[in-house]
Amino acid sequence: MSVRWRAPGRVNLIGEHTDYNAGLALPFALAQGCTATAATADGFAARSAQHGHTVEVDSLGELPDGWVRYVLGPAKVLRDRGHDVPPVRVEIDSDVPVGAGLSSSAAVVCSVTGALSDLLGLDLGADDLLAVSRAAENDVVGAPTGGLDQLASLRSRDGHVLLCDFADLSTEPVPFAPADHGLRVLVVDTRVEHGHVDGEYAARRTSCEEAARRLGVASLRDVTDPGTLDRLDDDVLRRRARHVVTENDRVRAVVDLLRRGDLAATGPLLSSSHASLRDDFEVTVPALDLAAETLVEAGAVGARMTGGGFGGCVIALVPDERVAAATSAVEVAFAAAGLGAPVAFTAHPSAGAHRLS
Ligand code: ADP
Ligand code: MG
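Residues numbered from 1 in each chain as written. Chains lettered and ligands numbered in written order. Predicted model: local features only at pLDDT ≥ 70, side-chain atom pairs only at ≥ 80, totals over all residues.

(A) The arrangement of the domain arrangement of the chain in detail. Taken domain by domain, the chain comprises domain 1 (2–174) and domain 2 (177–347). The C-alpha-based centres of domain 1 and domain 2 are spaced at 25 Å. Contacts between the two partners involve 26 residues from domain 1, matched on the other side by 35 residues from domain 2. Partitioning the side of domain 1 that touches domain 2 into residue classes produces 16 nonpolar, nine polar and one charged. (Domains from an automatic or database assignment. Contact = placed C-beta atoms within 7 Å. Nonpolar A, V, L, I, M, F, W, Y, C, P; charged D, E, K, R; others polar.)

(B) Spatial organisation of the site of ligand 1. Taken together, 18 residues sit near ligand 1, with S48, W67, S94, S104 and S105 positioned nearest. Of all the elements in the fold, those that place two or more residues in the shell around ligand 1 are α1 (67–80), β6 (88–94) and α2 (104–119). Among the elements that make up the shell around ligand 1, the one with the highest residue count is α2 (three residues). Partitioning the shell around ligand 1 into residue classes produces eight nonpolar, 10 polar and no charged. (Near = placed C-beta within 6 Å. Helix = DSSP H or I, 4+ residues; strand = E, 2+ residues; numbered from the N terminus.)

(C) Quick look at the environment of A241. Tracing the backbone through its elements, the reader meets A241 in helix α6 (residues 235–259). A C-alpha to C-alpha distance of 9.3 Å links A241 and E209, two positions 32 residues apart in sequence. Apart from the residues lying within four places of it in its own chain, the contact partners of A241 are C208, A211, L220, V223, L229 and L232.

(D) Focus on the UniProt feature "domain: Galactokinase N-terminal" (unreviewed entry) in the chain. In the UniProt entry, the feature "domain: Galactokinase N-terminal" (unreviewed entry) is given for residues 5–39. For residues 5–39, the end-to-end C-alpha separation is 12 Å, with 0% helix and 66% strand making up the annotated structure. (UniProt positions renumbered as here; feature names shortened; annotations may be inferred.)

(E) Layout of the UniProt feature "domain: GHMP kinase N-terminal" (unreviewed entry) in the chain. Here the UniProt-annotated "domain: GHMP kinase N-terminal" (unreviewed entry) positions come out as residues 70–155. Within residues 70–155, the helical portion is 59% and the strand portion 8%, while the C-alpha atoms at the span's ends are 19 Å from each other.

Written out as structure tokens, the structure reads:
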């Protein structure tokens, strides 16, 4: 018997670096995703259509470094949680761009976790699907992600953004149909990758924890009055914390506007999120700043980096009739700055992880 699940990549409309601060985020699933096929077999094996070969492993305790850990990681987590996991063969096939901040990794672990849950008759509920796919990335791969990627991939709904509250991991779909308002979400992959992303990410986490500790709160989510931050005498800590506190407010404000059907009015909030990530949180790079600035100059109502930063993608909310001009403006600006060609596509809010019959 073999079973198949599909799980999407994601973009985050707003709410960046808030997940590990018990804060709020507003991602949506992309149409691009990963299909995982799992079947019982004579031995453990992983195959990626993108790599074009199969890796056989003797045991789940000896997974080689690299992509095989994403593919067989969920099986190891399930076994470590006490489930009986017989030898399985897991094949993945994904059209999510890898390493662009669109969560190709979450698409893999979430689709595999779903497929294994079915194959092994575990019937995992929403909380367990999240816990297992997160542990596959956090513990087996060793990537210190805050949970946003897996939550978005598992629970997103077609035609909605997903309001994620990391204080209790609750989610709530909010209708989001930009096309009905003459708008598109344009995703621009800068194709820029930074070499020290994990170290920078860990440093931001540490700063946020230290700021919370000095303010005497369990997490920065508990700071509701930005004036409180004046008590931090360290300028860097104060700016890091200010990003998180103001970003949670921007997520709330965007949700309010979406509920009122005023999508275009969210644009300035997207742009202030970018400014905050650039100036206070310092996770942008020149290519991200250039893309965001150029898109707004070319007619986007707002633009911001999406994902962890230090490279990856910018998203912009763009009126239909400006999409072509905005796309070519970024291409021209990148060429003029001596950067490689960016890749742009329009994103449609799509379904979260599901079984394929
Ligand atoms: P992102 O999630 O932003 O794309 P990550 O660094 O978190 O970037 O995850 C990328 C890693 O996920 C790849 O280096 C690879 O190990 C794994 N991965 C993603 N998609 C595939 C795939 N189709 N085949 C094999 N491995 C994949
Ligand atoms: Mg990832």
